[in-house]
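Topology and contacts: notes
Each chain, letter by letter, is given below.
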Number of protein chains: 2
Amino acid sequence: MSITQAEIKQIRSLGEKKFREATGLFVVEGEKLVQEALDSGLKVVRVLRREEIGDAAMARISQLSSPSPVLAVVARPEPAADEPVGGLCLALDGIRDPGNMGTIIRIADWFGVETVYASGDCVELYNPKVIQASMGSIFRVRLVTADIPALARRFREAGMRVYGTFLDGKDLYREQLQPEGLVVMGNEANGIRPEVAAEVDARLTIPAFGKSGAESLNVAAATAVTLSEFRRR
Amino acid sequence: MSITQAEIKQIRSLGEKKFREATGLFVVEGEKLVQEALDSGLKVVRVLRREEIGDAAMARISQLSSPSPVLAVVARPEPAADEPVGGLCLALDGIRDPGNMGTIIRIADWFGVETVYASGDCVELYNPKVIQASMGSIFRVRLVTADIPALARRFREAGMRVYGTFLDGKDLYREQLQPEGLVVMGNEANGIRPEVAAEVDARLTIPAFGKSGAESLNVAAATAVTLSEFRRR
């Protein structure tokens, strides 16, 4: 198998959001992630191996500083409807950092949260840094772009609670947490937007311990603590 | 106030670990971090403001892509002895990623862990990315470079428990966790080293929920869940 200059150029272009959006394609790299892509049910358009295309071509198509031995071009799943589903779900309101986004998806996967909703201004879900930080969880969690205030309203109309984390909410450790519902996490700097906060019916806080001078927890750490608290028995 | 070319060059050099180690100095940027440095009791060697030195000089001494209006050169604290102290402490065995390190220091601060021990092969604690990710917690938590196996042995000799997180430990949610002791977190890829694991007397696991396919949690997320569990009432 060989690769043409035009193909190299096309795959390289998938490092940019506008080309990922125009084509509906994204890139994953590394044996483990490529295998997970193949096992995921997503359409894998192409798999390229270093021993087939050579080091130089691999270095050109790779988005990593140390190119992996294998890279796959994968088609994004069809967008899912932003409707409430059962079980415990997560909604992300304006998460901007790709490392946080990938880590949160990995945390959701660990704690058995099968659907993660993301507001339209979140970092793009198929950004290569999101994929790397998710450690394959991007292929196991259902990711849905959603209008979060409308979604939250529909969760409540369906009889489920909408939880959100705030700096001035009620002690997370003392609340009765339901096994179904929506947990909203907010932007790194500004937290949950007022129009989303208006749809939250249980405002939660992770209490700081002792004379802590820290003003907040990183959003991924806060997501981990919150989901742990929902899942612990 | 003005700044000479030689001074610009010297401050720029603090972007490199070898110059930080040779001089014992590090750089912090941004109004909030500089204020926290000034409040911390550490020796602040110099504070440089954009309005005093000009945009061009600020851009040259800054380590950020968008230079802050203010930058401080700070002297590291004197190294502390790696001895057990009371309360709940954290020990980091080979944390390599500066974002994880800074986030873990911020988490320790939130949960009232006053001393964090780091093995000699952890990422350098005064790396600019560690400082930024710590969000000022680097000035509030006592950071001690330590020989972790020897330290863990001395915690146990002092009658305190040494906890560690492993993929095959006991359910974190069901263990009796003591308010004093040492919690060890391991390297991002390899976990806790065997020579450290040999000194751990309570092996803990954060249980995954349901049919999760995730193989592990990010170490900062795992630290947050573990410390939350020690501190929840």
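Keep in mind the model is a prediction, meaning the values are calculated, not measured.

With respect to the state of the cysteines
Residues and elements named next belong to chain B. Inspection of every chain in the model, using the stated rule, returns 0 disulfides over all chains. This cysteine, Cys-89, is not joined by any disulfide, and Cys-122 carries the nearest cysteine sulfur, 15 Å off. Exposure remark for Cys-89: the relative accessible area of 1% places this residue in the buried category. A residue is classified by how much of its surface remains accessible, and Cys-122, at 8% relative accessible area, is buried.

What to know about the pairing of strand E7 (residues 162-171) of chain B
All names here are of chain B. As defined by bridge partners, E7 adjoins strand E8 (residues 181-186) across 3 bridges and the pair is classed as parallel. Along E8, the bridge assignment pairs Val-162 with Leu-182. In this sheet, strand E9 (residues 202-205) lies alongside E7 in parallel orientation, the contact comprising 5 bridges. Along E9, the bridge assignment pairs Asp-171 with Thr-205.

Focus: the packing of aromatic side chains
Residue and element names in this part refer to chain B. Following the criterion strictly, the structure yields 8 aromatic pairs over all chains and no others. Seen in terms of ring centroids, Phe-26 and Tyr-126 are 4.6 Å apart; in terms of plane orientation they differ by 40 degrees. Their pairing is tilted. Remark: Tyr-126 occurs in the loop between strand E5 (115-118) and helix H7 (128-134) and Phe-26 occurs in strand E1 (residues 25-29); sequence separation between them is 100 residues. In this structure Tyr-126 comes out as buried when scored by relative accessible area, which is 10%. Between Tyr-163 and Phe-230, the aromatic rings sit 4.8 Å apart at their centres with planes inclined by 85 degrees, giving edge-to-face as the arrangement. Remark: Phe-230 occurs in helix H10 (residues 219-231) and Tyr-163 occurs in strand E7; sequence separation between them is 67 residues. For Tyr-163, a relative accessible area of 1% corresponds to the buried category.

Overview of the nonpolar core
With 102 residues, the main nonpolar core has A:Val28, A:Leu90, A:Met101, B:Val28, B:Leu90 and B:Met101 as its most contacted residues. Excluding anything up to four places from it in sequence, B:Val28 contacts B:Leu33, B:Val34, B:Ala37, B:Val70, B:Leu71, B:Ala72, B:Val74, B:Ile131 and B:Phe139.

What about empty space enclosed by the protein?
If a probe the size of a water molecule is rolled over the atoms, the empty space left behind becomes visible. Following the criterion strictly, the structure yields 1 cavity of 30 Å³ or more and no others. Of the volumes computed, that of the largest cavity is approximately 50 Å³. Across the lining of the largest cavity, the residue classes tally to 5 nonpolar, 2 polar and 1 charged.

Considerations on the layout of surface pockets
All names here are of chain A. Estimated volume of the second largest pocket: approximately 540 Å³. Looking at the second largest pocket, it is lined by 26 residues, and the ones nearest its centre are Leu-125, Tyr-126, Leu-143, Val-144 and Thr-145. Listed by contribution, the elements that provide at least two residues to the lining of the second largest pocket are helix H2 (17-23) and strand E6 (142-145). Top element by residues in the lining of the second largest pocket is E6. It accounts for 4 residues.

Some points on the relation of the copies chain A and chain B
At an RMSD of 0.0 Å, chain A and chain B line up after a rotation of 180 degrees and a shift of 0.0 Å along the axis. Classification of the inter-copy transformation places it as that of a two-fold axis. Interface residue correspondence from chain A to chain B reaches 100%, placing this contact among same-surface, isologous pairings.

Let's talk about the sheet that holds E1(B)
Residue and element names in this part refer to chain B. Spatially, 3 strands are ordered E1-E3-E2 in an open sheet, and the strand pairing comes out antiparallel. Every other strand in the sheet has two partners, leaving E1 and strand E2 (44-49) as the edge strands with one partner each. If you compare each strand with its neighbour and ignore which way they point, the axes differ by 20 degrees on average. Note: E1 against strand E3 (residues 70-75), 5 bridges, orientation antiparallel. Each bridged residue has a counterpart across the sheet, and for Val-28 the counterpart in E3 is Ala-72.

So, the packing of helix H6 (residues 98-110) of chain B against H10(B)
All names here are of chain B. Axis separation between H6 and H10 bottoms out at 9 Å; the angle between their running directions is 10 degrees. Here H6 lies roughly parallel to H10, going by the angle between them. Across the interface between the two elements, Asn-100, Thr-103, Ile-104, Ile-107 and Ala-108 from H6 touch Val-219, Ala-220, Thr-223, Ala-224 and Leu-227 from H10.

Overview of the confidence of the model for chain A
The pLDDT averaged across chain A works out to 95; a share of 100% of its residues lies at or above 70. Interface scoring of the predicted complex returns ipTM 0.94; its pTM is 0.95.

Comments concerning the interface of chain A and chain B
Counting residues at the interface gives 34 residues for chain A and 34 residues for chain B. Of the roughly 3,400 Å² buried where chain A meets chain B, counting both sides, 57% is carbon and sulfur surface. A per-residue breakdown of the area chain A buries against chain B is headed by A:Trp110, A:Phe209 and A:Arg233, which together make up 25% of the total. Taken together, chain A and chain B are joined by 4 salt bridges. Residue B:Glu229 is joined to A:Arg232 by a salt bridge in which the shortest nitrogen-to-oxygen separation is 2.3 Å. Linking chain A with chain B are 16 residue pairs in polar contact (both at pLDDT 80 or more). Among the elements of the structure, helix H6 (98-110) and helix H10 (219-231) of chain A are those that each provide at least two residues to the side of chain A that touches chain B. The greatest single-element share of the side of chain A that touches chain B, amounting to 6 residues, is contributed by H10(A).

Definitions and cut-offs
Residues numbered from 1 in each chain as written. Chains lettered and ligands numbered in written order. Predicted model: local features only at pLDDT ≥ 70, side-chain atom pairs only at ≥ 80, totals over all residues. Heavy atoms only, no water. Disulfide = S-S within 2.5 Å. Buried < 20%, exposed > 50% of the residue type's maximum accessible area, 1.4 Å probe, protein only. Pairing = 2+ DSSP bridges. Helix = DSSP H or I, 4+ residues; strand = E, 2+ residues; numbered from the N terminus. Phe/Tyr/Trp six-rings, centres within 6.5 Å; stacked < 30°, edge-to-face > 60°. Core = buried A, V, L, I, M, F, W, Y, C linked by side-chain atoms within 4.5 Å. Contact = heavy atoms within 4.5 Å. 1 Å grid on protein atoms, 1.4 Å probe; cavity = no way out; pocket = protein on both sides within 12 Å on 5 of 7 lines; lining within 4 Å. Points joined across faces, edges and corners; volume = space filled by probe spheres on them. Nonpolar A, V, L, I, M, F, W, Y, C, P; charged D, E, K, R; others polar. Least-squares fit on C-alpha atoms with pLDDT ≥ 70 in both. Axes fitted to C-alpha atoms, helices over the stretch in contact; angles between N-to-C directions. Parallel < 35°, antiparallel > 145°, perpendicular 65-115°, else oblique. pLDDT = per-residue confidence, 0-100. Buried area = accessible area lost by both parts, 1.4 Å probe. Salt bridge = Lys/Arg side-chain N within 4 Å of Asp/Glu carboxyl O. Polar contact = N/O pair within 3.5 Å; in protein donor to acceptor, adjacent residues only side chain to side chain.

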